[in-house]
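Inside the fold
If you want the building blocks of each chain, they are given just below.
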Amino acid sequence: MKTNKRRGTRNERRVTSDGRRPVVVVEDDPFPRLIQVILDPDTPAARVAAFSHFFAHELPDFAGWCERLRARLKRLHPAEVRLVPDQGGLLAGLAGATAVVTESLTVGKQEIAAAGGTLRIVQKYGTVLSGIDSAACGRAGIRVLTLRRRANISCAEHALGLMLALARKIHETAGLISTEQLQAAGYAPTQYDRAHTANANWARVTGTRNLFGRQIGIVGFGEIGREVALRAAAFGMHIVYTQRRRLAAKEESRYGATYAPLDKLLAGSDFVSLHLPFTDATRGIIGRRELGLIKRGAILVNISRPLLVDREALLDALRAGRLGGFGLDPHYDAPGRADDPLLGFRNVIVTPHLAAAPRFNSLSDFEELLLGIDQALA
């Protein structure tokens, strides 16, 4: 289904020097599909409508936002956008490409050759350039651009927010300001002799802890894991990480991070934060065995994919008091159920897929990304 009528003829004249539209090859993923909606006049109307609905609660005038951005793109709009699902699709779709936008797909000599000499920009949808042969791109006169994603920063903030709330028992005590409320919640409030002592924690809430001086174990040290590390360092935490490939010493020093195998990380960390993609290899990576190894009383936070943690093993660990707390976003089901057993634990916080919010994170990311490519094409 064509949707050309929604674009003005003024923009139709924006073509490359050889008279064709620029071709942008994009790794197919839910958020980068927005590039197609913005740039390609042939985007199916159903996709345009779906994105309008997706952003409606925070951006009612999505169509107007798109048009305002298009007006600022002097060289990149209109474009042909090719969405590619995997490495093979990337190779097949590169012929005549002007720019590539990739998150996990690799770009090296083979991909550069497949473009046939037209490729000018490789845009990493992130900052970690693993998979991008920068030297080969440089030799071919191709610029490599990066983007520090606001959505990743929000995810890191959400992870730390869950840790703070669980460690300080904010979710348990919020709004409990009367003796009656506190007693009903199981606390034993008192009054201190103010002639001699302070009146701090007159509610007698036990079990709170600091982040300062504690060890955080970050499982997966990619884009979001590194954002978590930057914030954990500001809290004065000791940072330990694990992933398939250990970082170079220079990178470890940059983040003040120490490498450890998963088992050692679990056994020694006061907080464990999961930041892995969901694949067959990572499904249930935290299972019954791992929850048996985890330091007793540790707080586990998962803002990646729920199925990284085996649900039944998690429930058993919570019932046994093995975990000091658990934070989850998104939930195992969307939408979930009000009678979900996870909600029965006072030391559990589950939020409804809010970590990357607000939507303006993604909108600003793609605005910056597309304007950067447009400028680089000058």
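Higher on the page you've got the structure.
This structure is a prediction, so every number in the text was calculated from the model and none was measured.

About the thresholds
- Residues numbered from 1 in each chain as written.
- Predicted model: local features only at pLDDT ≥ 70, side-chain atom pairs only at ≥ 80, totals over all residues.
- Heavy atoms only, no water.
- Pairing = 2+ DSSP bridges.
- Helix = DSSP H or I, 4+ residues; strand = E, 2+ residues; numbered from the N terminus.
- Axes fitted to C-alpha atoms, helices over the stretch in contact; angles between N-to-C directions.
- Contact = heavy atoms within 4.5 Å.
- Parallel < 35°, antiparallel > 145°, perpendicular 65-115°, else oblique.
- Left-handed = near helix turned anticlockwise from the far one by under 90°.
- Nonpolar A, V, L, I, M, F, W, Y, C, P; charged D, E, K, R; others polar.
- Core = buried A, V, L, I, M, F, W, Y, C linked by side-chain atoms within 4.5 Å.
- Buried < 20%, exposed > 50% of the residue type's maximum accessible area, 1.4 Å probe, protein only.
- Right-handed = clockwise from strand over helix to strand, strands pointing away.

Notes on the sheet that holds strand 2 (residues 80-84)
The sheet built from 5 strands is open, its strands ordered 2-1-3-4-5 with parallel pairing. This sheet does not close on itself; its edge strands, each paired only once, are strand 2 and strand 5 (143-145). When the angles between neighbouring strand axes are averaged without regard to direction, this sheet yields 15°. Summarising the sheet, strand 4 (residues 121-124) and strand 5 pair through 3 bridges and their orientation is parallel.

Topic: the environment of I121
For I121, the position within the fold is in strand 4. Taking the C-alpha atoms as reference points, I121 and C137, separated by 16 residues in sequence, lie 8.8 Å from one another. Those residues within four positions of I121 in sequence are excluded, and the remaining contacts are T98, A99, V100, I142, R143, L145, I373, A376 and L377.

Here we look at the packing of helix 8 (residues 150-168) against helix 11 (residues 223-234)
Running from N to C, helix 8 and helix 11 cross one another at 55°; their axes reach a closest spacing of 8 Å. Considering the angle they form, helix 8 stands oblique to helix 11. Judged by the twist between their axes, the crossing of helix 8 over helix 11 is right-handed. Across the interface between the two elements, N152, I153, C155, A156, E157, A159 and L160 of helix 8 pack against E223, I224, E227, V228 and R231 of helix 11. Grouping the constituent residues of the contact of helix 8 with helix 11 by class yields 7 nonpolar, 1 polar and 4 charged.

Remarks on the nonpolar core
Counting 33 residues, the largest nonpolar core has L39 and F62 as its most contacted members. Among the secondary structure elements, those contributing two or more residues to this core are strand 1 (23-27), helix 2 (33-39), helix 3 (45-55), helix 4 (62-72), strand 3 (99-102) and helix 16 (360-376). Element by element, the count of residues in this core is highest for helix 16, at 7 residues.

Here we look at the pairing of strand 6 (residues 215-219)
Along strand 6, 5 of the 5 residues are buried, which leaves the element largely enclosed by surrounding structure. Of the two faces of strand 6, the one holding Q215, G217 and V219 and the one holding I216 and I218 are both buried throughout. The pairing of strand 6 with strand 7 (residues 238-242) spans 5 bridges and is parallel. Among the inter-strand pairings, I216 is bridged to a residue of strand 7, identified as I239. The handedness of the strand 6 to strand 7 crossover, carried by helix 11, is right-handed. Bridge count between strand 6 and strand 9 (residues 271-274): 4 bridges; the pairing is parallel. Looking at strand 9, one finds that I218 is bridged to S273.

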